[in-house]
Amino acid sequence: MPTLNEADDGGEKMKKATIGKLLMDKNNNTPVLELNVEGTDKKIYLWIGACEAWALAMSIENFHLIRPMTHDLLISAVETMGGIFEHVVIHSIKNGTFLANLVIKKNDTQQESGRVNQYLELDARPSDCLVIANKLELPVYVTSEVLLEASMSGSITTDISEEEDREKQEFRSFINNFNMNDLKQYLDRREGEDENEN
């Protein structure tokens, strides 16, 4: 597994990735998350659960509930204990499953040589890591191994249109009355509209 020092902008073994779209795999009736690899036309697709898709969608839309959700609780617990979230690394694929680490810095640990920073790497699902990364604006990295095995070429769309603004309003409306079937129908419709545009 790559070392922490390799997770930087100039590292040759990792590339930054950003969250793209939430889609729906009609064959498996499963949400799919699109990641864009910065500086390239590569995309990586992650099949995730409906609950994770809902949490990620709320985070992307900056939608806040009155009471903290599980990801909010984890963030609060780590920060209360002095930890600092650093970045996410999607480092490998095993038996068709993406593996990721959530990297946390333990700030200013006292040693004989002085005060140093120690890092913790928490094994976690990429979907959970990406929810936290989006909430805290953390950098996300993918290793060359993952890029070689799972990336696909494609164009990146960055235009913001009135149609997308309308979809955001629709999304906020359906979040207020959320259930799993609503989420599946919403993602399915989004994918259909994207296909019509292409």
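Residues numbered from 1 in each chain as written. Predicted model: local features only at pLDDT ≥ 70, side-chain atom pairs only at ≥ 80, totals over all residues. Heavy atoms only, no water.

Asks: Quick question: what am I supposed to make of the overall build of the chain here?
Replies: Helix and strand content of the chain: 6 helices and 8 strands. Each helix (α) and strand (β) of the chain, taken in turn from the N terminus, gives the series β-β-β-α-α-β-β-β-α-β-α-β-α-α. Taking the contacts inside the chain whose residues are at least 6 apart along the sequence as the reference set, 55% of them involve residues at least 24 apart. Carbon and sulfur atoms make up 47% of the accessible area of the chain, which totals about 11,800 Å². (Helix = DSSP H or I, 4+ residues; strand = E, 2+ residues; numbered from the N terminus. Contact = heavy atoms within 4.5 Å. Areas by Shrake-Rupley, 256 points an atom, 1.4 Å probe, with all protein chains shown as cover.)

Asks: Please explain the packing of helix α1 (residues 50–60) against helix α3 (residues 126–136) as it appears in this structure.
Replies: The angle between the axes and the distance between the axes are what describe a pair of packed helices. Relative to each other, α1 and α3 sit at 15°, their axes nearing to 9 Å. Comparing their axes, α3 and α1 come out roughly parallel. The handedness of the crossing between α1 and α3 comes out as left-handed. Across the interface between the two elements, Glu52, Ala55, Leu56, Ser59 and Ile60 of α1 pack against Ser127, Asp128, Leu130, Val131, Asn134 and Lys135 of α3. Classifying every residue of the contact of α1 with α3 gives 5 nonpolar, 3 polar and 3 charged. (Axes fitted to C-alpha atoms, helices over the stretch in contact; angles between N-to-C directions. Parallel < 35°, antiparallel > 145°, perpendicular 65-115°, else oblique. Left-handed = near helix turned anticlockwise from the far one by under 90°. Nonpolar A, V, L, I, M, F, W, Y, C, P; charged D, E, K, R; others polar.)

Asks: What should I look at first to understand the pattern of salt bridges in this one?
Replies: Close approach of charged atoms allows side chains with opposite charge to pair. The final tally for this structure, using the stated rule, is 5 salt bridges. The residue glutamate 52 makes a salt bridge to arginine 125 at a minimum N-O spacing of 3.0 Å. Residue glutamate 52 is located in helix α1, and its partner arginine 125 is located in the loop between β6 (114–124) and α3; the two are separated by 73 residues in the primary sequence. Given a relative accessible area of 13%, glutamate 52 falls into the buried group. Overall, the relative accessible area of 46% leaves arginine 125 in the partly exposed class. In this structure, aspartate 72 engages lysine 135 in a salt bridge whose closest nitrogen and oxygen atoms are separated by 3.0 Å. Placement of aspartate 72 in helix α2 (residues 70–80) and of lysine 135 in helix α3 is noted, with a sequence separation of 63 residues between them. When its relative accessible area of 24% is taken as the criterion, aspartate 72 is described as partly exposed. A relative accessible area of 33% places lysine 135 in the partly exposed class. Among the charged side chains, a network of salt bridges with common partners joins Glu52, Arg125 and Asp128. (Salt bridge = Lys/Arg side-chain N within 4 Å of Asp/Glu carboxyl O. Buried < 20%, exposed > 50% of the residue type's maximum accessible area, 1.4 Å probe, protein only.)

Asks: Can you walk me through α1 in this structure?
Replies: Residue pairs three or four apart in sequence face the same way in an α-helix, which turns once every 3.6 residues. Extensive coverage of α1 is indicated by the burial of 9 of its 11 residues. Of all the positions in α1, only Ala50, Glu52, Ala53, Trp54, Ala55, Leu56, Ala57, Met58 and Ser59 are classed as buried. Looking one or two residues past α1, asparagine 62 carries a phi angle of roughly 60°, positive in sign.

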